[in-house]
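# Close look at the chain arrangement
These are the residues of each chain, in order.
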Amino acid sequence: MGFALLLVGLAALIALLRWLLGFLRSSSSSSSSSSGGIPCLPRVPLLGSLLSLRSELPPHLLFTRFTETYGRLYALYLGPHLALVVNDYSHAREVLLAKGKEFAGRPYMVTTELLTRGGKDIAFADYSPLWRNQRRLVHSAFSLFGEGSSKLQTIVLEAADCLVEELLSLRAQGVDPAPAILRAVTNVVCRLVFSGNYRPGDPELQEVMDYNDGIVQTIARGDLVDIFPWLRVFPNKDLKKLKACVKVRDTLLTRKLEEHKESLTPGDPRDLLDALLEGRGSDRDVGLSDDHVLMTAAEAFGAGVETTSTTILWAIAFLLHHPEVQERVQAELDECVGAERAPLLSDRTRMPVLDAVMSEVMRIRPVSPLLIPHVAMQDTSIGGHPVAKGTRVLVNMWAIHHDPQQWEQPDTFRPDRFLDDSGQRVIPPSFLPFGAGPRVCVGESLARMELFLFMSRLLQRCQLSAPRGASLPDLQGRYGVVLQPPKYTVTIKARN
C-alpha cells in the first residue's frame, strides 16, 4: 500500500515538473502574446490565474468586473489551461454562430466524465460525428414525442393543475413555493422520459429528486479536480458523493430502459425512451449504445428540472416586487383565455405580455450566467485575434444580458423591452438565454413550452402576494450549477 502511494506521488510530481518546465519555457514571453495579443490576467506557475479569481463575488460577476481593467475579451489561465472570457454580444455571436463549429468542442473534466459515462450525453460530450448523430436522433425523438406534441402539453397541464391545487391547499400566510414547483417539474420530466406518473410523496419520485439534488450540489462546488485531473488519486468526498448519486440514477434508469425494450410498440412511442429506442433501431448507422440512450435520458433530469423550476421561482419573485406586472398578465389571460379552460400552447402568440415577462426574467437572471465552456476545435480567431486549437472559451451570458450598450437600464426589470410600440413580441439579437449555434440547448423549445404553460395556469388561477410583514424576495441570487433565488415565501390565494 505504501509503495503504491509512493508511485502515485512520484507520478504526480513528474507531471508537475513537466508542466512547470513548459511554463518556464513560455514565461519569457508576455501574458498578452501567449494569448494571441488578448489582455491576460496575471498568472503564476501551476496555479495559473487562480489567485486572481479569489473573490467573494460569483464567477459571472467577477468576470464582468474584470472588463473594466482588461476589456470585454480577455484571457486567464485555469491552472495550465488557457481560457478566453467573452463578455460582449458581438464576440459571443462569433463564437456561438458565425464560427459555431470551430468552437463546438468541450473540455475534459473529471466530474462530467463521471456524470456522463465518458461523454455519452449531449451537453458535455465533445463535438464529433457520433455526437452529431446523437443530437439528430434526439431531435427526431422530440418530433415523435416532445416539443409541441399534444401528449406533452397534456402532461404539463396536468402537472400545472396539481401544482396549483397543492399550493392553494396549504392555505398559509407564507408558503415556500420551491418544493412544490420542484416536484411538479420533476414529475413532468419523469413522465416525458419513462412515463413515470407520481403522486406527491411517492418514494420513487423522492428517490429521483434526491439523486438529482445530490448531483447538482456536488457539481456546483467546482472542484479543483476538474482543473488538475491528477488530484483524483487523493480522497475526495465530493467525488465519492457524486459517484453514489450517479449509481442510484443509473440503476433506476437502466431498469426503466430494460422495461421499455420489452414493451416497445413500434410506431407508438409512449415517451422519450421509446422514441430514442425506435429512432436508434430505424437507423443502424447512428452507432449509439445503450449508454448514449441512458445518458440522454439522464440529461433531461440534470438540465430540465433545475433550470425550469429555478426560472419559475425567479418569475414569481419578480412578480412579487412588481404586482402591476402580475395584473397586466392576468388581464391578458382573462381576455385571451378566460376562466373556463386551461391556457394552451396555441394561446401563446396572443399573449405577448406573459411572453415578454418570461423573457425579461431569463435576461435579468439567466439561470446559466456562464455557458458550459467551449473549446476551439482548430486554430481560429475571435475579433481578429488568433486563437489556438484547444483553447477554452467561457461565454459570460450575465455580462451580455446586462450590457448597457445593448440594454437600456439593464439592471431594471422591464418586460416592455421585449414588446414593440404596437405591443407585439420582439426578440433583441443580444438575447441568448439558451446559447446559440451547434451547441444551443437541445431542450429550448421544451423549456419554453413548460414555462408558458406553468406560469399561465398559475397566474390564471392564483393571486400571488408577499406575506404581510414579510420582506420581499432577495433578487441577488446565489450561484451554483444555476443562479437560484434565495429561499422566500409567498401568499397564494385563489382568484375569483
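Residues numbered from 1 in each chain as written. Predicted model: local features only at pLDDT ≥ 70, side-chain atom pairs only at ≥ 80, totals over all residues. Heavy atoms only, no water.

## With respect to the overall build of the protein chain
- Within the protein chain, the regular secondary structure consists of 16 helices and 10 strands.
- Sequence-distant contacts in the protein chain: of pairs separated by 6 or more residues, those separated by 24 or more amount to 72%.
- Surface summary for the protein chain: the accessible area is close to 22200 Å², and the carbon and sulfur share equals 55%. (Helix = DSSP H or I, 4+ residues; strand = E, 2+ residues; numbered from the N terminus. Contact = heavy atoms within 4.5 Å. Areas by Shrake-Rupley, 256 points an atom, 1.4 Å probe, with all protein chains shown as cover.)

## As for the confidence of the model for the protein chain
- Mean pLDDT for the protein chain: 88, with 90% of residues reaching 70 or above.
- When the criterion is pLDDT under 50, residues 1–17 qualifies, and its contacts beyond four places in sequence or with other chains add up to 3 contacts.
- Every residue in residues 19–33 scores below 50 in pLDDT, and together they form 16 contacts with partners more than four places removed in sequence or on other chains. (pLDDT = per-residue confidence, 0-100.)

## Examining the sheet that holds strand β6 (residues 392–395)
- Taken in spatial order, the 4 strands line up as β1-β2-β6-β3 in an open sheet, and their pairing is mixed. Where the open sheet ends on each side, the last strands, each with one partner, are β1 (73–78) and β3 (374–375).
- As defined by bridge partners, β3 adjoins β6 across 2 bridges and the pair is classed as antiparallel. Looking across to β6, one finds that H374 is bridged to V393.
- Lying on the sheet, helix α3 (residues 59–70) is in contact with β1, β2 (81–86) and β6; it crosses β1 at an angle near 120°. (Pairing = 2+ DSSP bridges. Axes fitted to C-alpha atoms, helices over the stretch in contact; angles between N-to-C directions.)

## Considering the environment of P485
- One can find P485 in the loop between β9 (483–484) and β10 (491–494).
- On the basis of relative accessibility, which here comes to 8%, the residue P485 falls in the buried class.
- Along the sequence, P485 and L313 sit 172 residues apart, while their C-alpha atoms lie 7.1 Å from each other.
- Filtering out sequence-adjacent residues up to four positions away, P485 remains in contact with T310, L313, W314, G477 and R478. (Buried < 20%, exposed > 50% of the residue type's maximum accessible area, 1.4 Å probe, protein only.)

## Remarks on the side chain of D403
- Its place among the elements puts D403 in the loop between α15 (397–401) and α16 (444–461).
- Assessed through its relative accessible area of 4%, D403 is described here as buried.
- Among all residues touching D403, those that are not within four sequence positions of it are R72 and P410.

## Overview of the packing of helix α10 (residues 237–263) against helix α12 (residues 290–321)
- One way to put it is that α10 packs onto α12 with a least axis distance of 10 Å and a crossing angle of 120°. Our classification of the angle between α10 and α12 gives oblique. Note that α10 runs across α12; the crossing there is right-handed. Contact with α10, carried on its side by R249, D250, L253, T254, L257, E258 and K261, involves D290, V293, L294, M295, A297, A298 and F301 of α12 and no other residues of that element.
- Each residue belonging to the contact of α10 with α12 can be placed in one class, and the counts come to 8 nonpolar, 1 polar and 5 charged. (Parallel < 35°, antiparallel > 145°, perpendicular 65-115°, else oblique. Left-handed = near helix turned anticlockwise from the far one by under 90°. Nonpolar A, V, L, I, M, F, W, Y, C, P; charged D, E, K, R; others polar.)

## A word on the environment of L464
- Note on placement: L464 falls in strand β7 (residues 462–465).
- Its relative accessible area of 4% is what places L464 among the buried residues.
- With 31 residues separating them along the chain, L464 and R495 place their C-alpha atoms 9.5 Å apart.
- When near neighbours in sequence (up to four residues on either side) are disregarded, L464 contacts I316, L320, Q326, L458, L459, V490, T491 and I492.

## Some points on the pattern of salt bridges
- On inspection of all chains with the given rule, the structure shows 26 salt bridges.
- In this structure, E166 and R183 form a salt bridge, with 2.3 Å as the shortest nitrogen-oxygen distance. Here the residue E166 occupies a position in helix α7 (residues 150–170), and R183 occupies one in helix α8 (residues 178–194), the gap between them amounting to 17 residues.
- Given a relative accessible area of 22%, R183 falls into the partly exposed group.
- Where R350 meets D347, a salt bridge forms, and the shortest distance between an N and an O atom there is 2.8 Å.
- Judged by relative accessible area, D347 falls into the buried class, the value being 3%. (Salt bridge = Lys/Arg side-chain N within 4 Å of Asp/Glu carboxyl O.)

## Digging into helix α13 (residues 323–336)
- Across its 14 residues, α13 extends 20 Å between first and last C-alpha, which sits within 8% of the 20 Å expected from 1.5 Å per residue.
- Those residues of α13 lying buried are V325, Q326, V329, Q330, E332, L333 and C336. Each buried residue of α13 lies within a common arc of 155° when the element is viewed along its axis, so the set occupies one face. Across from the buried face of α13, at angles greater than 90 degrees, the exposed residues are E327 and E335.
- Buried residues along α13 sit against α12, α14 (352–364), α16 and β7.
- The positive-phi residue at the C-terminal boundary of α13 is G338, with phi of around 80°. (Expected span 1.5 Å × (residues − 1). Arc of directions from axis to C-beta.)

## With respect to the pairing of β2
- Within β2, 5 of the 6 residues are buried, which leaves it mostly tucked inside the rest of the structure.
- Bridging between β1 and β2 involves 6 bridges; their strand directions are antiparallel. Residue L78 lies in a different strand from β2, and its bridge partner there is H81.
- Pairing analysis gives 4 bridges linking β2 to β6, with the strands arranged parallel. The partner of V86 across the bridge, within β6, is V395.

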